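Remarks on the overall topology
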Amino acid sequence: MSVHIGAQKGEIAETVLMPGDPLRAKFIAENFLEDAVCYNEVRGMYGYTGTYKGKRISVQGSGMGLPSISIYGHELINEYGVKKLIRVGSCGSFQPHVKVRDIVIAQAASTNASVNRNRFKGMDFAPVGDFDMLMGAVAKAMDMGINPHVGNILSSDIFYDDDPNAWKLWAEYGVLAVEMETTALYTLAAKFGVKALTVLTVSDSLVTHEALPAEDREKTFTQMMEIALDIA
Ligand SMILES: O=P(O)(O)O[C@H]1O[C@H](CO)[C@@H](O)[C@H]1O
Ligand SMILES: O=c1cc[nH]c(=O)[nH]1
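Bear in mind the structure is a predicted one, so any value in this text is a computation, not a measurement.

Neighbouring ligand 1 are Gly20, Asp21, Arg24, Met64, Arg87, Gly89, Ser90, Phe159, Glu179, Met180 and Glu181. Taking Met180, its main chain carries an N or O atom lying 2.8 Å from an oxygen atom of ligand 1. With respect to ligand 1, the side chain of Glu181 contributes an N or O atom lying 2.5 Å from an oxygen atom. Protein contacts shield 87% of the accessible area of ligand 1, which totals 340 Å² for the unbound molecule.

And the structure:
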C-alpha cells in the first residue's frame, strides 16, 4: 500500500488511464476492460486493473486539481512502477471552433497555478505531452473519423473565477480549453522520466455557455476512452 492507494505491489499495470472522476474510472473498467479487478477504494478514488485487447491496463481516478493528480501520479510512478499515464478528462472550450463533445489532445499545458513557479524558483517550465503518444492519439482519432484539436490547454487552479472574463486572455493566445490537472501530470512525467498524455472531451463551452450533465461526463465520452486505450 502507498499512502493513498490500497494496492499491493504488482497489482497496478505499467500503463494507467487517469480520469478525474472515479466513477469514470469504474465505467471504463466495466465497459472496456476484461477481467477488471478493483485494487483501490481508499477515499472512494477507484482504481482497477484488467486487460484491453490482451494488454494489462489500469485505470485510476485522479480527483480534481493539481495537488490531487500530483499525489496519485507520484505514488503510481514511485511506488508501483507506472511508466505511462494517460489522462482522460473533460474540459471547457475557449474557442468558437472547439465544440462540445469534440476531442482535444494536450500538446502543452499552461497554468495560472504557482506550483511550478515555486519549484523552478520563479522561472517558467513548459510542460509538454509525450510526442509518440501524441502522434499515436492523433492517428487513432483520424482512423475513427475524428479531427482532434491539438494544442495548448490551460490547467487552472480555479473553477469558479472571480473574474468571469479571465479566460479570454488565454483564448487570445490560442489556448484551446481549460481543465485542472495536466500541467502537474506533464511536470511529474518529466521529473521521473515517464510518458504522459492528456486526451480530453469538451464538456462545456465558455464561448457559447453550452454544458453537458454529469452523467454524460461520466459515461458518454467513449471516443476519448477508445483513443486512450489504443495508445496504451
Ligand atoms: O472530468 P475531469 O477529468 O475531472 O476533468 C475536469 O473536470 C473537473 C472540473 O469539473 C476537473 O477535474 C477538470 O480537469
Ligand atoms: O476545469 C474545467 C473542466 C470542464 N469545464 C470547465 O469549464 N472547466
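Having seen the model, we can carry on.
Take the site of ligand 2 next. Around ligand 2 sit Ser90, Cys91, Gly92, Phe159, Val178, Glu179, Met180, Ser203, Asp204 and Leu206, and those are all the residues in its vicinity. At 3.3 Å, a backbone N or O of Gly92 approaches a nitrogen atom of ligand 2. The side chain of Asp204 places a nitrogen or oxygen atom 2.7 Å from a nitrogen atom of ligand 2. Burial of ligand 2 by the protein amounts to 85% of the accessible area it has alone, namely 240 Å². Elements represented by at least two residues in the shell around ligand 2 include exactly strand S5 (84–93), strand S8 (177–179) and strand S9 (195–205). In terms of residue count, the dominant contributor to the shell around ligand 2 is S5 (three residues). Its residues assigned to classes, the shell around ligand 2 shows five nonpolar, three polar and two charged.

The subject of this paragraph is helix H2 (residues 66–80). Look at H2: 20 Å from first C-alpha to last across 15 residues, which is about the 21 Å you get at 1.5 Å a residue. Along H2, the positions that sit buried rather than exposed are Leu66, Ser68, Ile69, Tyr72, Gly73, Glu75, Leu76, Ile77 and Tyr80. Note on H2: the residue one or two positions beyond its end, Gly81, has a positive phi of about 70°.

This next bit is on the packing of aromatic side chains. Applying the stated criterion to the full structure yields four aromatic pairs. When the centroid spacing of 4.8 Å and the interplanar angle of 80° are considered together, the rings of Phe159 and Tyr160 count as edge-to-face. Phe159 sits in the exposed class, given a relative accessible area of 61%. Here the guanidinium or amino end of Lys9 rests over the ring plane of Tyr80, the centre of that ring lying 5.8 Å away.

Backbone geometry at Arg101 places phi at a positive 80°, although glycine is not the residue there. On the secondary structure map, Arg101 appears in the loop between S5 and strand S6 (103–111). In this structure, His209 is a non-glycine residue whose phi angle is positive, near 70°.

Once that is clear, we can look at the pairing of strand S4 (residues 55–60). Two elements, strand S1 (residues 15–18) and S4, share two bridges in a ladder whose sense is parallel. Across the sheet, the residue bridging to Val16 is Ser58, located in S4. Relative to S4, strand S3 (residues 47–52) runs antiparallel, the two sharing six bridges. Along S4, the bridge assignment pairs Tyr48 with Val59. Between S3 and S4, which pair antiparallel in sequence order, lie two residues; one of them, Lys53, sits at a positive phi of approximately 50°.

Our focus in this paragraph is the pattern of salt bridges. Taken as a whole, this structure holds nine salt bridges when the rule is applied. Between Asp216 and Arg101 there is a salt bridge, with its nearest N and O atoms 2.6 Å apart. Placement of Asp216 in helix H7 (residues 214–219) and of Arg101 in the loop between S5 and S6 is noted, with a sequence separation of 115 residues between them. The salt bridge partner of Arg117 is Asp124, with a shortest N-O separation of 2.7 Å. Exposure remark for Arg117: the relative accessible area of 44% places this residue in the partly exposed category. By relative accessible area, which is 62% here, Asp124 ends up exposed.

Reading guide: rules and limits
Residues numbered from 1 in each chain as written. Chains lettered and ligands numbered in written order. Predicted model: local features only at pLDDT ≥ 70, side-chain atom pairs only at ≥ 80, totals over all residues. Heavy atoms only, no water. Near = heavy atom within 4 Å. Polar contact = N/O pair within 3.5 Å; in protein donor to acceptor, adjacent residues only side chain to side chain. Areas by Shrake-Rupley, 256 points an atom, 1.4 Å probe, with all protein chains shown as cover. Helix = DSSP H or I, 4+ residues; strand = E, 2+ residues; numbered from the N terminus. Nonpolar A, V, L, I, M, F, W, Y, C, P; charged D, E, K, R; others polar. Expected span 1.5 Å × (residues − 1). Buried < 20%, exposed > 50% of the residue type's maximum accessible area, 1.4 Å probe, protein only. Phe/Tyr/Trp six-rings, centres within 6.5 Å; stacked < 30°, edge-to-face > 60°. Lys NZ or Arg CZ within 6 Å of the ring centre and 35° of its normal. Pairing = 2+ DSSP bridges. Salt bridge = Lys/Arg side-chain N within 4 Å of Asp/Glu carboxyl O.

Note that every value here comes from positions in space, so none of it alone points to a role or purpose.
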